[in-house]
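A closer look at the structure
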Amino acid sequence: MKSKPKVAIVMGSDSDLETMKEALRALDEFGVPSDTLIISAHRSPDDAARFAKAARKRGIEVIIAGAGGAAHLAGVIASHTTLPVIGVPMETKELKGIDSLFSTVQMPSGVPVATVTIGKTGAKNAAYLAVQILSLKDKSLVKMLDEFKKTLVAGVRSKNTALGKGCCC
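Below is a short write-up of the structure. (Residues numbered from 1 in each chain as written. Predicted model: local features only at pLDDT ≥ 70, side-chain atom pairs only at ≥ 80, totals over all residues. Heavy atoms only, no water.)

1. Overview of helix α1 (residues 17–29)
Think of an α-helix as turning once every 3.6 residues; residues three or four places apart then point the same way. Its 13 residues place the ends of α1 18 Å apart at the C-alpha level, agreeing with the 18 Å of an ideal helix rising 1.5 Å per residue. By the burial criterion, the buried members of α1 are Thr-19, Met-20, Glu-22, Ala-23, Ala-26 and Leu-27. All buried residues of α1 lie within an arc of 130° about the axis, which places them on one face of the element. Contacts made by the buried residues of α1 are with β1 (7–11), β2 (34–38), β3 (62–67), β4 (85–89) and α5 (119–134). (Helix = DSSP H or I, 4+ residues; strand = E, 2+ residues; numbered from the N terminus. Expected span 1.5 Å × (residues − 1). Buried < 20%, exposed > 50% of the residue type's maximum accessible area, 1.4 Å probe, protein only. Arc of directions from axis to C-beta. Contact = heavy atoms within 4.5 Å.)

The following block contains the structure:
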């Protein structure tokens, strides 16, 4: 039986699912249980409010919200909860996601949304940030994060070696 989710991944549309799967995969790497939902800030605003208000009671500790276009989902969720909310701007056809980025990052005082980069890299980084937040209480995640950072360093160094270069420092 799967553990109770600690992170909720919400998206405004099923068209966002392919991008948000990156967050799900990254959370799975760290063994962090999550839940994935489609909730629209515009088409089902009552559902968005109910979800956000009940998230803490369900055991959710961090919410990752991805949306494109107007990208109000993260802000709507953040307005109804005191949990950390991480916004993932979706890439859009018209403006390549810059519209989503501006919508996600421009929040009024008192309604914070941590905002990551546009698209799949943003979804991954949202998950990594969620793991870092969870690691404040879960020390087993600290060790996993340390190992993860070491793999990032090793990857860069191996590419440098492939160029015939030694360590730069």
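Okay, back to it.
2. Quick word on the side chain of Ser-100
One can find Ser-100 in helix α4 (residues 98–105). Judged by relative accessible area, which is 0%, Ser-100 ranks as buried. Side-chain polar atoms of Ser-100 contact the backbone oxygen of Met-90, separated by 3.0 Å. Contacts of Ser-100, omitting those with residues within four sequence positions, involve Ala-67, Gly-68, Gly-69, Ala-71, Pro-89, Met-90 and Thr-92. (Polar contact = N/O pair within 3.5 Å; in protein donor to acceptor, adjacent residues only side chain to side chain.)

3. Remarks on the sheet that holds β1
Across the sheet, 5 strands lie side by side as β2-β1-β3-β4-β5; this open sheet has parallel pairing. The outermost strands of the open sheet, each flanked by one partner alone, are β2 and β5 (114–115). This element, α4, spans β3, β4 and β5 of the sheet and lies at about 160° to β4. (Pairing = 2+ DSSP bridges. Axes fitted to C-alpha atoms, helices over the stretch in contact; angles between N-to-C directions.)

4. Observations concerning the nonpolar core
Counting residues in each nonpolar core, the largest one holds 25 residues, and the members touching the most others are Val-7, Met-20, Leu-27, Phe-30, Val-32, Ile-64 and Val-88. Looking at this core, the elements with two or more residues in it are β1, α1, β3, β4, α5 and α6 (139–162). No other element matches α5, which puts 7 residues into this core. Excluding residues that lie within four positions of it along the chain, Val-88 makes contacts with Met-20, Ile-64, Ala-65, Gly-66, Ala-67, Val-116, Thr-117, Gly-119, Gly-122, Ala-123 and Ala-126. Counting residues in hydrophobic clusters, the runner-up holds 21 residues, among them Ile-60, Leu-73, Ala-78 and Val-85. (Core = buried A, V, L, I, M, F, W, Y, C linked by side-chain atoms within 4.5 Å.)

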